[in-house]
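Listed below are the residues making up each chain.
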Protein chains: 2
Amino acid sequence: MTAPDTSRPQLRIRSVALDTGRENVVVISRRSRALRAEVFRGFSRVELRCNSRALLATLLITDDDSLVGPDEIGLSEPALRRFAEPVGTLASVSPATPPESLEAVRAKIRGETFSDKAIASVIEDLCHYRYSDMEIAAFLIGSASFMTSGELLALTRAMASAGTQLKWNAPIVVDKHCIGGIPGNRTSMVVVPIVAAHGLPVPKTSSRAITSPAGTADTMEVLARVNVSVEEMKSIVAACNGCLIWGGHVNLSPADDILISVERPLSLDTREQMVASIMSKKLAAGSTHLLVDLPVGPTAKLTSGAEAMRLRKLFEFVGGRFGIAVEVITTDGRQPIGNGIGPVLEARDVMAVLANDPAAPADLREKSLRLAAHLLEYDPQLRGGAGYGRARDLLDSGAAMKQMQKIIDAQGPPECQSRLGDLAFDVKAERDGVISAIDCLQLNRLARTAGAPINKGAGIRLFKKIGDSVQQGEPLYRVFTCDPSEHDLAAAAAKAADGYTLGPSPFLDGGTR
Amino acid sequence: MTAPDTSRPQLRIRSVALDTGRENVVVISRRSRALRAEVFRGFSRVELRCNSRALLATLLITDDDSLVGPDEIGLSEPALRRFAEPVGTLASVSPATPPESLEAVRAKIRGETFSDKAIASVIEDLCHYRYSDMEIAAFLIGSASFMTSGELLALTRAMASAGTQLKWNAPIVVDKHCIGGIPGNRTSMVVVPIVAAHGLPVPKTSSRAITSPAGTADTMEVLARVNVSVEEMKSIVAACNGCLIWGGHVNLSPADDILISVERPLSLDTREQMVASIMSKKLAAGSTHLLVDLPVGPTAKLTSGAEAMRLRKLFEFVGGRFGIAVEVITTDGRQPIGNGIGPVLEARDVMAVLANDPAAPADLREKSLRLAAHLLEYDPQLRGGAGYGRARDLLDSGAAMKQMQKIIDAQGPPECQSRLGDLAFDVKAERDGVISAIDCLQLNRLARTAGAPINKGAGIRLFKKIGDSVQQGEPLYRVFTCDPSEHDLAAAAAKAADGYTLGPSPFLDGGTR
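No experiment lies behind these values; they were computed from the predicted model shown. (Residues numbered from 1 in each chain as written. Chains lettered and ligands numbered in written order. Predicted model: local features only at pLDDT ≥ 70, side-chain atom pairs only at ≥ 80, totals over all residues. Heavy atoms only, no water.)

J.: In this structure, what is going on with the overall build of chain A? I would like to understand it.
T.: For chain A, the count of helices and strands is 18 helices and 19 strands. Computed over C-alpha atoms, the radius of gyration of chain A comes to 26 Å, within 12% of the 24 Å expected from 2.2 N^0.38 for 513 residues, which places it in the range of a compact globule. Its C-alpha atoms give chain A principal-axis dimensions of about 95 × 55 × 45 Å. Looking at chain A as a whole, 57% of its 513 residues qualify as buried. When the accessible surface of chain A is summed, it comes to about 19800 Å², and 50% of that surface belongs to carbon and sulfur atoms. Within chain A, the 59 negative side-chain charges are centred at a point lying 2 Å from the centre of the 58 positive side-chain charges. (Helix = DSSP H or I, 4+ residues; strand = E, 2+ residues; numbered from the N terminus. Rg over C-alpha atoms; globule rule 2.2 N^0.38 Å. Buried < 20%, exposed > 50% of the residue type's maximum accessible area, 1.4 Å probe, protein only. Areas by Shrake-Rupley, 256 points an atom, 1.4 Å probe, with all protein chains shown as cover. Lys, Arg positive; Asp, Glu negative; His and termini not counted. Charge placed at Lys NZ, Arg CZ, Asp CG, Glu CD.)

J.: Sorry if this is basic, but what is going on with the packing of aromatic side chains here?
T.: Centre distance and the angle of the planes are the two values used to describe a pair of aromatic rings. One pass over the full model with this rule turns up four aromatic pairs over all chains. Consider the rings of B:Phe114 and B:Phe139, whose centres lie 5.7 Å apart with planes at 50°: the pair is tilted. Linking B:Phe114 in the loop between helix H2 (102-109) and helix H3 (116-127) with B:Phe139 in helix H4 (residues 133-144), this pair joins segments that are 25 residues apart in sequence. Comparing B:Phe114 with B:Phe139, the two get one shared label, buried. Residues B:Tyr477 and B:Tyr500 carry aromatic rings whose centres are separated by 5.5 Å and whose planes lie at 40° to one another, so their mutual orientation is tilted. Highlighted residues: B:Tyr477 in strand E18 (residues 475-481) and B:Tyr500 in strand E19 (residues 500-503), separated in sequence by 23 residues. Classification of B:Tyr477 as buried rests on a relative accessible area of 0%. Over the aromatic face of A:Phe146 sits the side chain of A:Lys108, whose NZ or CZ is 3.7 Å from the ring centroid. (Phe/Tyr/Trp six-rings, centres within 6.5 Å; stacked < 30°, edge-to-face > 60°. Lys NZ or Arg CZ within 6 Å of the ring centre and 35° of its normal.)

J.: Sorry if this is basic, but what is going on with unusual backbone geometry here?
T.: Excluding glycine, a negative phi dihedral is what most residues carry, and trans is how most peptide bonds are arranged. Residue and element names in this part refer to chain A. In the segment running from alanine 452 into proline 453, the intervening peptide bond is cis, with an omega of 0°. Relative to the helices and strands, proline 453 resides in the loop between helix H17 (440-449) and strand E16 (459-462). Even without a glycine there, the phi angle at asparagine 241 is positive, about 70°. When its relative accessible area of 25% is taken as the criterion, asparagine 241 is described as partly exposed.

J.: Could you clarify how one ought to interpret the confidence of the model for chain A in this entry?
T.: Note: predicted coordinates in regions of low pLDDT should not be interpreted at a detailed level. All names here are of chain A. When pLDDT is averaged along chain A, the result is 91, and 95% of the positions lie at 70 or above. Confidence drops under a pLDDT of 50 for residues 1-7, and excluding neighbours within four residues, the segment shows twelve contacts in the predicted structure. Predicted confidence is poor over residues 509-513, with pLDDT under 50, and the contacts of this stretch with residues over four places away or in other chains come to ten contacts. Interface scoring of the predicted complex returns ipTM 0.79; its pTM is 0.84. (pLDDT = per-residue confidence, 0-100. Contact = heavy atoms within 4.5 Å.)

J.: Teacher, can you tell me more about the environment of A:Gly163 here?
T.: Structurally, A:Gly163 is set in the loop between helix H5 (149-161) and strand E8 (174-178). Distance from A:Gly163 to A:Ala239, taken between C-alpha atoms, is 25 Å for residues 76 residues apart in sequence.

J.: What is the right way to look at the sheet that holds strand E15 (residues 433-438) of chain B in this model?
T.: One key point about sheets: their strands pair by backbone hydrogen bonds, in either a parallel or an antiparallel sense. Residues and elements named next belong to chain B. Taken in spatial order, the three strands line up as E17-E15-E19 in an open sheet, and their pairing is antiparallel. The sheet is open, and its two borders are formed by strand E17 (469-470) and E19, each paired with just one other strand. Relative to E19, E15 runs antiparallel, the two sharing four bridges. Bridge pairing links isoleucine 438 to tyrosine 500 in E19. (Pairing = 2+ DSSP bridges.)

J.: Even after reading the chapter, I still don't get the pattern of salt bridges, so can you show me in this structure?
T.: Side chains that differ in charge, positive against negative, can pair when their charged atoms come close. Enumeration according to the criterion identifies 66 salt bridges over all chains in this entry. Measuring nitrogen to oxygen at the nearest pair gives 3.7 Å for the salt bridge that ties A:Asp71 to A:Arg33. Here A:Asp71, found in the loop between strand E5 (53-62) and strand E6 (72-75), pairs with A:Arg33, found in the loop between strand E3 (25-29) and strand E4 (45-50); they are 38 residues apart in sequence, far enough to count as distant. Measuring nitrogen to oxygen at the nearest pair gives 3.8 Å for the salt bridge that ties B:Glu231 to B:Lys234. Placement of the pair is B:Glu231 and B:Lys234 together in helix H8 (residues 230-240), with a separation of three residues, close to one helical turn. The class of B:Glu231 is exposed, set by a relative accessible area of 56%. (Salt bridge = Lys/Arg side-chain N within 4 Å of Asp/Glu carboxyl O.)

J.: It is not clear to me how the nonpolar core should be interpreted in this structure. Could you clarify?
T.: As a rule of thumb, nonpolar side chains are buried together in soluble globular proteins. Membership of the largest hydrophobic core comes to 105 residues, with the highest contact counts inside it found for A:Phe315 and B:Phe315. Excluding residues that lie within four positions of it along the chain, A:Phe315 makes contacts with A:Ile179, A:Val275, A:Ile278, A:Met279, A:Val292, A:Leu294, A:Val326 and A:Val328. Counting residues in each nonpolar core, the second largest holds 66 residues, with B:Val195, B:Val353, B:Ala372 and B:Leu420 among its members. (Core = buried A, V, L, I, M, F, W, Y, C linked by side-chain atoms within 4.5 Å.)

J.: Sorry, what's going on with helix H16 (residues 399-411) of chain A here?
T.: For the α-helix, the turn length of 3.6 residues means that residues three or four positions removed from each other point alike. Residue and element names in this part refer to chain A. With 13 residues, H16 should reach 18 Å at 1.5 Å per residue; the first-to-last C-alpha distance of 18 Å fits that figure. Along H16, the positions that sit buried rather than exposed are Ala400, Met401, Gln403, Met404, Ile407, Ile408 and Gln411. Down the axis, H16 shows its buried residues gathered within 160° of arc, on one side only. For H16, exposure combined with an orientation more than 90 degrees from the buried face picks out Lys402 and Asp409. Taken together, the buried residues of H16 touch helix H6 (188-198), helix H7 (216-220), helix H8 (230-240), strand E10 (242-246), helix H13 (343-354) and helix H15 (387-396). Positive phi appears at glycine 412, one or two residues downstream of H16, with a value of about 95°. (Expected span 1.5 Å × (residues − 1). Arc of directions from axis to C-beta.)

J.: Mind showing me how you'd approach the sheet that holds strand E17 (residues 469-470) of chain A here?
T.: Strand order in the open sheet formed by three strands is E17-E15-E19 (chain A), with antiparallel pairing between adjacent strands. Each of the sheet's edge strands pairs with one partner strand only, and the pair in question is E17 and strand E19 (500-503) of chain A.

J.: I tried to follow the pairing of strand E4 (residues 45-50) of chain B on my own but got confused; where do I start?
T.: If a strand is regular, its side chains alternate between the two faces of the sheet. Residue and element names in this part refer to chain B. Relative to strand E5 (residues 53-62), E4 is paired through six bridges, and the arrangement is antiparallel. When the sheet's bridge partners are listed, arginine 45 is paired in E5 with threonine 58. The turn linking E4 back onto E5 is made up of two residues, and asparagine 51 within it adopts a positive phi angle of 50°. One ladder, built from four bridges, connects E4 with strand E7 (residues 90-95); its direction is antiparallel. Along E7, the bridge assignment pairs valine 46 with proline 95.

J.: Is there a simple way to think about the packing of helix H4 (residues 133-144) of chain A against H4(B) in this case?
T.: For any two helices packed against each other, one specifies the inter-axial angle together with the distance between the axes. Running from N to C, H4(A) and H4(B) point in directions that differ by 35°, and their axes come no closer than 9 Å. Here H4(A) and H4(B) pass one another in a crossing that is right-handed. Contact residues: A:Asp133, A:Met134, A:Ala137, A:Ala138, A:Ile141 and A:Gly142 in H4(A); B:Asp133, B:Met134, B:Ala137, B:Ala138, B:Ile141 and B:Gly142 in H4(B). (Axes fitted to C-alpha atoms, helices over the stretch in contact; angles between N-to-C directions. Left-handed = near helix turned anticlockwise from the far one by under 90°.)

J.: It is not clear to me how the pairing of E10(A) should be interpreted in this structure. Could you clarify?
T.: All names here are of chain A. For E10, a buried count of four out of five residues is recorded, marking the element as mostly surrounded by other parts of the structure. Examined bridge by bridge, strand E9 (residues 202-206) and E10 share five bridges and lie parallel to one another. Bridging from a neighbouring strand, valine 202 pairs with glycine 242 of E10.

J.: How do you make sense of helix H11 (residues 271-284) of chain A when you look at a structure like this?
T.: Residue and element names in this part refer to chain A. The terminal C-alpha atoms of H11, which comprises 14 residues, lie 20 Å apart, in line with the 20 Å expected from a rise of 1.5 Å per residue. Within H11, ten of the 14 residues are buried, leaving the element largely enclosed by the surrounding structure. Turning to H11, its buried residues number three or more, namely Gln273, Met274, Val275, Ala276, Ser277, Ile278, Met279, Ser280, Lys282 and Ala284. Immediately downstream of H11, the backbone of glycine 286 shows phi near 75°, a positive value.

J.: Is there a simple way to think about the packing of helix H6 (residues 188-198) of chain B against helix H16 (residues 399-411) of chain B in this case?
T.: Residue and element names in this part refer to chain B. Two elements in contact, H6 and H16, have axes separated by 8 Å at closest approach and are oriented at 100°. Regarding the angle of H6 to H16, the classification is roughly perpendicular. The residues of H16 that touch H6, namely those facing Met189, Val192, Pro193, Ile194, Ala196 and Ala197, are Ala399, Ala400, Gln403, Met404 and Ile407. When grouped by side-chain class, the residues that make up the contact of H6 with H16 number ten nonpolar, one polar and no charged. (Parallel < 35°, antiparallel > 145°, perpendicular 65-115°, else oblique. Nonpolar A, V, L, I, M, F, W, Y, C, P; charged D, E, K, R; others polar.)

Written out as structure tokens, the structure is:
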């Protein structure tokens, strides 16, 4: 028996210019000096060690020496940043032991339930990037078919504790949340200035678009900076009572951001995970009173009142357990709210409403007033139906617009200028009739095909809503794009399905389209 | 409104030397001329089109022009092979629409059940590489918590229909299958020659190791070629009544190979999926009579008779529906069968048993005779308990060894020579005692750490089994490796946990270890 060589070779860290999303990925050579590539297959997990640091990563193998040589290990951007060792450092690599909490995920898949402790460990490992995307998917899917109320509470608590936790020196801190799915519908940007003008603290954080053509953060970014730090947020709210910033930058519920990045490609969307996601953020944000807007309509996320009721119960249950006063209302989700879809067009709608422009979309104004009324009535002075009148006064008097300008000034100018796309085309009615339905999913998809939200100036301006009469050839809406290839794609998409359904014309005896 | 440029730029195909396992992966530049990288995130899905060909692939984005330039698209090996267009061809790329069958997977995750048609579509899409690894995981996990008997049958049928389907011109075609987990246990290589010598057709296909230190295909490969085509297989079976080849090469149930490649990193292992996997292969292989070996033991895959009974019912149910006579037996799974673990050492055990070598492991001989007896009794001439005697006669007379030589000659010499590793160390008893337990999982892990099955000569030779007495310092087993770093890793692993439990010594009044 030969005495073996006891030195285990190490690999030199280099950077590889591969964008692997959020997941840690490392690349080694098939002829690696330290790791036998045959032992691994695509997407095996390895552990990288150097000094006292350790990093779990997914492994890719290359035959290209110019990418990664036999004595090197290539780290993609997030892996390099998180490992925090400089390029050129020597590190050892070994097959990774999966995070312990994964055993609980496997048990859940087999039909058991999570203990509070197990959920906390899963979220802890997630937030430390110890899960591969595939393992995150296992957690999500394993939990998707059923989740007990205990699991829902534990998940909400674990997610809320994982990131920044804001505290406000105020007895009432209000917030509103819409579950999304309705094009336009930029009510927060009208509601926040009204409520802040009244004097109630409303520190609003919003998301960017995930699958929609714009999130509130994307639309607000047309008017002001939204990448605001926690400290800046506090001083903005101290000065203005409210803000309209991007939640991602203040790191509320980082676990949620990770979970969403895997839910999206799988198009998973379960009620319990939605409630845990929303309530964990509100809990971390220090909200005391929350209004939840559930739009219901044939192409909305909720298609029936019964579904909305089940979701409402879940919100109220979790709110009750965590001491947040939750009020849940259902709203009309049959069609877009406002005329614009896409950041620039939606920002124009919002400013028109705040400016009391006679051409401002009446539906956006009315819905915003209704939501603001609910929030204002959390003020003990205003109980008993006085909220609506107060909201309307603040809007009509220009106080809300003034407050919005104050918030915009406090957040600072937008980090890049955006203007409406200059390549546009109209989609026209193919015959006379009355609009009987508008497909929200179709218009969202079309606005994204047109380039929103990446191009803030891309989107759709609606000329007609449900109940409007049109004549053949009259424009239903105009699509704006910033790029010829997106123009073509959008034109083809609109031609294939324009999203509008016409009922019989009131003038002619036409058939149903 | 400007008239847009209607030409949509195309990208030039090049090869990228990234090993992405089985998944189709393509790489584009962040400054790509045809695809706006900002629209995508890590691991988005895209569709590649050229002439009438289409390919779904997972997208990686690079900032490294030398890897993939702005007017290029890089295809990893499997994508390049499947797209089958030469390097330099122009192709268009667009965001991919997920395969339609994925909607059924999402419904399953929500708690619905699959229709037969839906399962068939999923398997069809899988086999055409239209699913990403993440989507495959969604299917597996969504099905893991429960699967109806209808779903189990539909899955088995769909998987069996997806690849090669063998037909044999014989009324009885026998097969045996072990669910694995027990180190050594290379019974097929003794059973097949016995049964073939008797004259019953036994066209055995085996797997390579997935998580174990050797599969039957890996061990047989020490003695003969196992990468045999369907046509060659047929002529070998015509000449010898049997064969011992690798199933992967004849493409029985390709869907199963794909599912396993995702189950493995997630360590998913559900009964229904196991039964569908095994039965689909037997159905595709044209077997009429199947013996299933279920080892039960504290560190085996099945830890109780009750679990084995549930699994037995599933096998019998599926066999009955598809007209395969299935016999399920439970065997002693408390410890390894035979003395060798790892391809070369297991092959030595097998040949020693066939040669009637007095030093051959008695447990491997006895278990093989018992299994062969069951198979032989499928011969109508031999019913009524005559199987065991006949099996023993064929083994003792040398007829089985002669048949094995015939099979080896027909399959041809191994494609590479393998010899026992020459870096070895002994693991010794720490005190006097009697072996009371051997941990199968631990020994499998240790043999893999030592390099098996990649190094066929790596592995473990056991000197002691349960019930044997040992004295302090006496070797329990010897570990063979082919590489100094694997020697060190194995030595460290064996030191941390040797897998043996000693009971009180029969000679001394020792405590329990």
